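Survey of secondary and tertiary structure
The chain contents come next:
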Amino acid sequence: MNNSANEPVMDRPPATSDLAPLPEADAITSVTTIGKFKIPTDVLRAYTMVFALIAIWIYFHFSTDHIFLEPRNFSNLMRQTAVTGVLAVGMLMVIITGQIDLSVGSVVGLAGGIAAIAQGWLGWGLVPSLSAGIGVGLAIGAIQGGLTAYLNIPAFIVTLGGLLAWRGVVLGLSRGETIPLRLQAFKSIGQDYVGPLVGWVIAAVAVAAIVWMTIARNRARRRHGLGVPRLWMTVGRALVPSLIVVGFIYMMNSYELAPGSKAGVPNPVIIFLAIALAGAFLTQNTTFGRYLYAIGGNPDAARLSGINIRKHVLAVFCIMGALAGVASIIYTARVGSASPDAGQLLELDAIAACVIGGTSLMGGRGTVFGAILGALIMASLDNGMSLKNVEPYMQNIIKGAILVAAVGLDMAGRRRS
């Protein structure tokens, strides 16, 4: 008997959500029950990650003789977070559509190598060299996205092949040599700071934006006939993030490069924060972002709703490639040179940051805020364990165990939802 009539026609790229059963009706609204209390799962997960980060910071601060949270080390920590954070923003968009990208570490190495070759061996200026690096990342993203979206090759296979292929390309182009940066302006992207005054201007703009968004949210709720939070809750929603912003800028400006010379906010952190804000706006406040969640949550329903899945999958891989190019510029500028082995295992750090931050590998769920938290947790673990002189093999064991635990907690939360 022919059962082909009962089999769905999948005229779209395969997604990891195809491996998961459809949710039951009760699971559509994600709520975690703790005793007599029902808490939205996303809210609970976000607070859990924040408290985990605070606990990690407190532990490392006291176990490293109060070095961890000193302004100098805190500035270094934020600089370390920048590369992983930029990659995590792009990886989030890839994962919520039900795809994966295992090649970003190799793309970072190749794009950084191309930019270094352009300014070193070819004698190009700053802008052409940076454009070459980012353009290579964008082109690779387009190639891999096209293979996934239009040829239906699973993203896991495409990007696993890319992980090997692009590493081979940079090894061949660089002839196995480390290429130093000759342009000081290039190095300044990863090594210099904006002045303390600029930092305070950024803080003032950020606080004003937080207050405005809080007021606008309440006005929108009134306009639609919804309940408005009490005054103390509204003040808290504006005050807490504002204090975090002010405290962050204060810590950055407290680092002294020399007696009487304040450092300010590192350039990589400015780039990272700008990309994070743009990513949050794109995923949460645009039709494009809502389509990404729809595609990851139920690809067939998204296709039947008229969403062009192939175009959106191609777009997220292009975004991922471009952000890998940006991360390569930051990485290469911070180190001051490009080497064939640059960027190794960065893809795992980016994926781990997303998963630890609450992104589902099945697609359809995750936030930029969570990915940033995950990147900060990963960087904090690296930084803190290095300060404690933990052996490299033990660092890998600990990070791997934390990643597995994060996925395990996510699955446990799903069962309790």
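Before reading further, recall that the structure is shown in the block above.
Residues numbered from 1 in each chain as written. Predicted model: local features only at pLDDT ≥ 70, side-chain atom pairs only at ≥ 80, totals over all residues. Heavy atoms only, no water.

With that settled, consider the environment of Ile319. With respect to the helices and strands, Ile319 occurs in helix 12 (residues 309-335). On the accessibility criterion, Ile319 (23% relative accessible area) is partly exposed. Considering only alpha carbons, one finds Ile319 and Gly90, 229 residues apart in sequence, at a separation of 6.3 Å. Beyond its immediate sequence surroundings of up to four residues, Ile319 is in contact with Met93, Leu282 and Phe288. (Helix = DSSP H or I, 4+ residues; strand = E, 2+ residues; numbered from the N terminus. Buried < 20%, exposed > 50% of the residue type's maximum accessible area, 1.4 Å probe, protein only. Contact = heavy atoms within 4.5 Å.)

A few words on the packing of aromatic side chains. For the coordinates displayed, the defined rule picks out 5 aromatic pairs. When the centroid spacing of 5.7 Å and the interplanar angle of 85° are considered together, the rings of Trp57 and Phe74 count as edge-to-face. Taken together, the residues Trp57 in helix 1 (residues 41-63) and Phe74 in helix 2 (residues 71-96) connect sequence positions 17 residues apart. Take Trp57: its relative accessible area is 18%, and that puts it in the buried class. Among the residues examined, Phe74 registers a relative accessible area of 6% and is labelled buried. Ring plane angle 35° and centroid distance 5.6 Å describe the contact between Phe60 and Phe68, whose orientation is recorded as tilted. We note that Phe60, like Phe68, is buried. (Phe/Tyr/Trp six-rings, centres within 6.5 Å; stacked < 30°, edge-to-face > 60°.)

Turning next to the side chain of Thr81. Inspection of the secondary structure puts Thr81 in helix 2. The class for Thr81 is buried, based on a relative accessible area of 1%. Not counting chain neighbours up to four residues away, the residues in contact with Thr81 comprise Phe272, Ala375, Leu376 and Ala379.

Okay, the environment of Pro340 next. Residue position: Pro340 is located in the loop between strand 8 (337-338) and helix 13 (346-356). Residue classification places Pro340 among the buried residues on the basis of a relative accessible area of 13%. Excluding residues that lie within four positions of it along the chain, Pro340 makes contacts with Arg167, Val170, Leu171, Ser174, Gly176 and Glu177.

With that out of the way, let us pick up the pattern of salt bridges. Counted by the stated rule, this structure contains 3 salt bridges. One salt bridge connects Lys262 with Glu256, and the closest N-O pair in it is separated by 3.3 Å. Note on Lys262: relative accessible area 40%, which makes it partly exposed. The residue Asp382 makes a salt bridge to Lys399 at a minimum N-O spacing of 2.9 Å. Of this pair, Asp382 sits in helix 14 (residues 368-387) while Lys399 sits in helix 15 (residues 392-416), and the two are 17 residues apart along the sequence. Among the residues examined, Lys399 registers a relative accessible area of 14% and is labelled buried. (Salt bridge = Lys/Arg side-chain N within 4 Å of Asp/Glu carboxyl O.)

Among the structural elements, Thr148 can be located in helix 4 (residues 126-150). The residues contacting Thr148, other than those within four sequence positions of it, are Pro13, Gln99, Ile153, Ala155, Val158, Val313 and Phe317.

With that out of the way, let us pick up a nonpolar patch on the surface. Together, Tyr47, Phe51, Ile54, Ile58 and Phe62 make up an exposed nonpolar region whose accessible area comes to about 560 Å². With respect to the secondary-structure elements, Tyr47 resides in helix 1. (Patch = residues over 30% accessible without salt bridge, like charges linked within 9 Å, V, L, I, M, F, W, Y side chains within 5 Å. Areas by Shrake-Rupley, 256 points an atom, 1.4 Å probe, with all protein chains shown as cover.)

Right, let's get into helix 8 (residues 231-254). The terminal C-alpha atoms of helix 8, which comprises 24 residues, lie 34 Å apart, in line with the 34 Å expected from a rise of 1.5 Å per residue. When helix 8 is considered as a whole, its buried residues turn out to be Thr234, Ala238, Ser242, Phe248, Ile249, Met252 and Asn253. Packed against the buried residues of helix 8 are helix 2, helix 7 (196-223), strand 6 (261-262), strand 7 (265-266) and helix 9 (267-284). (Expected span 1.5 Å × (residues − 1).)

Here helix 14 contains 20 residues, and its C-alpha end-to-end distance of 28 Å stays within 8% of the 28 Å for a straight helix at 1.5 Å per residue. When you tally the buried positions in helix 14, you get 16 out of 20 residues, the bulk of the element. Downstream of helix 14 by a residue or two, Asn389 has a phi angle that is positive, lying close to 60°.

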